[in-house]
Amino acid sequence: MKYEIAIEFLPQKEYLAIKGYMSWRDIPPNELQEWERKYGFPQKSLIKQLKEKSGANEVYSLFCNSCRKDEQFDWVCGDDIACENISKSQAGDGFEIIRLASSEYLKIVYSYGSEMTGEQAAKEADDYFWNEWLKNNPYESKIEGDFANMPETADITLYDEENRRIIAWHPINRTE
């Protein structure tokens, strides 16, 4: 396992996305129907169409582009499946346009072995960012605190299963 860390500036980008949401707590089976009614689940069956319509090959996860407090499900946060909208396609047919503002990002490339899944690796990389890197550097995350629910902001993750690595970009703001 290996981390590569870099701070980089990403320009404004437009993504074509399949919207999705996650809750910070487990949803018990007796509440699942209500969750589906309110938030649904991302239609992963549309990923091939998403790539074709957007003109992109890489599929990203955009996290926390939209979060809101829900009395029943606690915090509900966006967890969208997205491709850069190279073709400048319009929304519709299960797709939405998401624009992310230009920002400075911490880029984490995390290589992992066969002992874990991409999701487990993404969680480890995420834990490293939140529990170690932020605490030891003069930056704050642009998806929490005073920045929470700021429009056009999201964590971006690329799952590169073929090369067994995760690439995550966390929007940051220098505090000093």
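Structural data are supplied above this passage.
About the thresholds
Residues numbered from 1 in each chain as written. Predicted model: local features only at pLDDT ≥ 70, side-chain atom pairs only at ≥ 80, totals over all residues. Heavy atoms only, no water. 1 Å grid on protein atoms, 1.4 Å probe; cavity = no way out; pocket = protein on both sides within 12 Å on 5 of 7 lines; lining within 4 Å. Points joined across faces, edges and corners; volume = space filled by probe spheres on them. Helix = DSSP H or I, 4+ residues; strand = E, 2+ residues; numbered from the N terminus. Phe/Tyr/Trp six-rings, centres within 6.5 Å; stacked < 30°, edge-to-face > 60°. Buried < 20%, exposed > 50% of the residue type's maximum accessible area, 1.4 Å probe, protein only. Salt bridge = Lys/Arg side-chain N within 4 Å of Asp/Glu carboxyl O. Polar contact = N/O pair within 3.5 Å; in protein donor to acceptor, adjacent residues only side chain to side chain. Contact = heavy atoms within 4.5 Å.

Student: Residues and numbers for the layout of surface pockets, please.
Tutor: Counted as a void, the largest pocket has a volume near 1300 Å³. Along the wall of the largest pocket there are 39 residues; nearest its centre are Met22, Ser61, Phe63, Asp79 and Tyr159.

Student: How would you sum up the environment of Phe9? Please name residues and give values.
Tutor: Along the polypeptide, Phe9 turns up in strand S1 (residues 2-10). Sequence separation of Phe9 and Leu106 is 97 residues, and the distance between their C-alpha atoms is 8.7 Å.

Student: An account of the packing of aromatic side chains is requested, with residue identities and associated values reported.
Tutor: This model, assessed by the stated rule, comprises 12 aromatic pairs. Here Trp35 and Phe73 contribute two aromatic rings whose centre-to-centre distance is 5.1 Å and whose plane-to-plane angle is 85 degrees, an arrangement assigned as edge-to-face. Here the residue Trp35 occupies a position in helix H1 (residues 32-38), and Phe73 occupies one in the loop between strand S4 (60-70) and strand S5 (74-84), the gap between them amounting to 38 residues. Comparing Trp35 with Phe73, the two get one shared label, buried. An aromatic cluster is built from Tyr21, Trp35, Tyr39, Phe41 and Phe73, whose rings are joined through pairwise contacts.

Student: Tell me what's going on with the pattern of salt bridges, and back it up with residues and numbers.
Tutor: Proximity of charged atoms lets side chains of opposite charge pair with each other. This model, assessed by the stated rule, comprises eight salt bridges. Lys13 is the salt-bridge partner of Glu84, the closest N and O atoms lying 3.8 Å from each other. On the criterion of sequence distance, the pair formed by Glu84 in strand S5 and Lys13 in strand S2 (residues 13-18) is long-range, its members being 71 residues apart. In this structure Glu84 comes out as partly exposed when scored by relative accessible area, which is 28%. The class of Lys13 is partly exposed, set by a relative accessible area of 24%. In this structure, Lys69 engages Asp74 in a salt bridge whose closest nitrogen and oxygen atoms are separated by 2.7 Å.

Student: Go over the side chain of Ser23, please, and point to the residues and values.
Tutor: Checked against the element boundaries, Ser23 lands in strand S3 (residues 21-23). Within the local environment of Ser23, its side chain forms a polar contact with the backbone oxygen of Phe73, the two atoms lying 2.7 Å apart. Apart from the residues within four sequence positions on either side, Ser23 is in contact with Trp35, Phe73 and Trp75.

Interpretation note: all reported values are geometric properties and have no functional meaning in isolation.
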